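# Notes for the structure review
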Amino acid sequence: MSKIVPVVQEIMSANDSLAAQNRAKLDAAQVVGMNIMASPGAGKTSTILRTIEALAADYRLGVVEGDTANVTIDADKVLAAGMPAVQINTGGNCHLDAVMLSGALAQMPLDEIELLIVENVGNLICPASFTLGTHFNVVIASVPEGDDKPYKYPNIYRGIDALILNKMDLLPYIDFDLAYFRQGIEILNPEAAFFPISCKTGEGVAEWIEWLKVRMASLRPA
Amino acid sequence: MHELPITENILDIAVTYAQQASAKRVTALHLVVGQLSSIVDDSIQFYWDIISKDTLCAGATLHFERIPARLECQECGHTYTLSRELMVCPQCGSARLKVIAGEEFRLESIEVET
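Residues numbered from 1 in each chain as written. Chains lettered and ligands numbered in written order. Predicted model: local features only at pLDDT ≥ 70, side-chain atom pairs only at ≥ 80, totals over all residues.

When its secondary structure is counted, chain A shows eight helices and eight strands. At 18 Å, chain A has a C-alpha radius of gyration in line with the 17 Å of a compact globule built from 222 residues. Based on the C-alpha atoms only, the size of chain A along its principal axes is roughly 70 × 40 × 35 Å. Counting only residues that meet the buried cut, chain A has 46% of its 222 residues in that class. Within chain A, contacts between residues at least 6 apart in sequence are counted, and of these 76% link residues at least 24 apart. (Helix = DSSP H or I, 4+ residues; strand = E, 2+ residues; numbered from the N terminus. Rg over C-alpha atoms; globule rule 2.2 N^0.38 Å. Buried ≥ 20, exposed ≤ 12 C-beta atoms within 10 Å, placed from the backbone. Contact = placed C-beta atoms within 7 Å.)

This is the structure we're talking about:
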């Protein structure tokens, strides 16, 4: 006999429920979690190092580095900056998921940190589909990638709280229409805070740090 | 690229429900996929054929119901279907928009033999 069995279950529910456990673990340790997504080469690690530099006097940070290959280049830079880092090698996978972050959280000294930065795998498509349990999401775009990225990779911009546009120092040399770029973001996510910065010159970094501090204060009861 | 873990999720959910229904095998799955969910049907199908072998779902057909993206203008209240690219409200030109459909990604039902 054949019959129809109603299911009505979100496909991503297994990941989402594990993400909720990650969130609970962070909350219990009073750690704020930030997920950073970007294409390869946008400047994720450079921005993280700038952020560590600016916050190091007031906060302890930890970084989870996601990479597809078995390299520790990024984690080594964070360790050199004096902060704990855990490297996740996704074994070729194109994104981090809640299971991988859960494994990394077990290795991170959560009691010693206040802000956990998760550097997702460089990719503008897949990370958007997998919640991790972090408290907020940031995308780093960069001027050389071109102004059409919001139109080509809309999903990644939809769930973010802040958008950093890095490499602003290159703006004079590249045909990048800032108004067109921003209109795409505006349509996708009018609430997202926007920070044009240059990790090279330091331009705009202070505004980003200010926003981050306010965000952290709102998430961590004093 | 991320369709493999997603396809594994679909298989897990289908097998769980099939077992609960004491099914001998699953013959079809009905998936609801929003236009904005960045899921490639062909890719899911490709992985499905490989990973569903030797499970209750072996040979089951995947049916995809595509939901177009619909937006609601937060300025004038106009609702419209997204055609290709991102577009501002065709009525008033505002970019303050809310997605009201098109982000779905769920397993709606399975067909089983008991």
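Glancing now at the overall build of chain B. Counting its regular elements, chain B contains two helices and six strands. Written out in order from the N terminus, the α and β elements of chain B read α-β-α-β-β-β-β-β. Based on the C-alpha atoms only, the size of chain B along its principal axes is roughly 55 × 30 × 15 Å. A burial count over chain B gives 31% of its 114 residues as buried. Of all intrachain contacts in chain B linking residues separated by at least 6 positions in sequence, the fraction that spans at least 24 positions is 73%.

The subject of this paragraph is helix H4 (residues 98-107) of chain A. All names here are of chain A. Within the span of H4, buried status applies to Ala98, Met100, Leu101, Ala104 and Leu105. For H4, the buried positions fall inside an angular range of 155° around the axis, keeping them on one side. In H4, the exposed residues that point more than 90 degrees away from the buried face are Gly103 and Ala106. The elements touched by buried residues of H4 are helix H1 (13-28), strand S3 (61-67), strand S4 (85-89) and strand S5 (115-119). (Arc of directions from axis to C-beta.)

Right, let's get into the sheet that holds S5 of chain A. Residue and element names in this part refer to chain A. Strand order in the open sheet formed by seven strands is S4-S3-S5-S2-S6-S7-S8, and the pairing between neighbours is parallel. With one partner strand each, in any of the chains shown, S4 and strand S8 (193-196) form the two edges of the open sheet. The sheet shows a mean angle of 20° between the axes of neighbouring strands, direction not considered. Where strand S7 (residues 162-166) lies against S8, four bridges are found, and the strand directions are parallel. Residue pairing across strands places Leu165 opposite Pro196, the latter belonging to S8. Strands in contact with helix H2 (residues 44-55) are strand S2 (32-38), S3, S5, strand S6 (136-142) and S7; relative to S5, the strand with the most contacts, it is inclined by about 170°. On top of the sheet, H4 reaches S3, S4 and S5; it is set at about 150° to S4, its chief contact. (Pairing = 2+ DSSP bridges. Axes fitted to C-alpha atoms, helices over the stretch in contact; angles between N-to-C directions.)

To continue, consider the interface of chain B and chain A. Contact residues are listed per partner, giving 29 residues for chain B and 28 residues for chain A. Here the element with the most residues in the side of chain B that touches chain A is strand S6 (residues 105-113) of chain B; it accounts for nine residues. A per-class count over the side of chain B that touches chain A returns 16 nonpolar, six polar and seven charged. Note that strand S1 (residues 2-10) of chain A and S6 of chain B share seven bridges and pair antiparallel. By the bridge assignment for S6 of chain B, Lys3 of chain A is matched with Val112 of chain B. (Nonpolar A, V, L, I, M, F, W, Y, C, P; charged D, E, K, R; others polar.)

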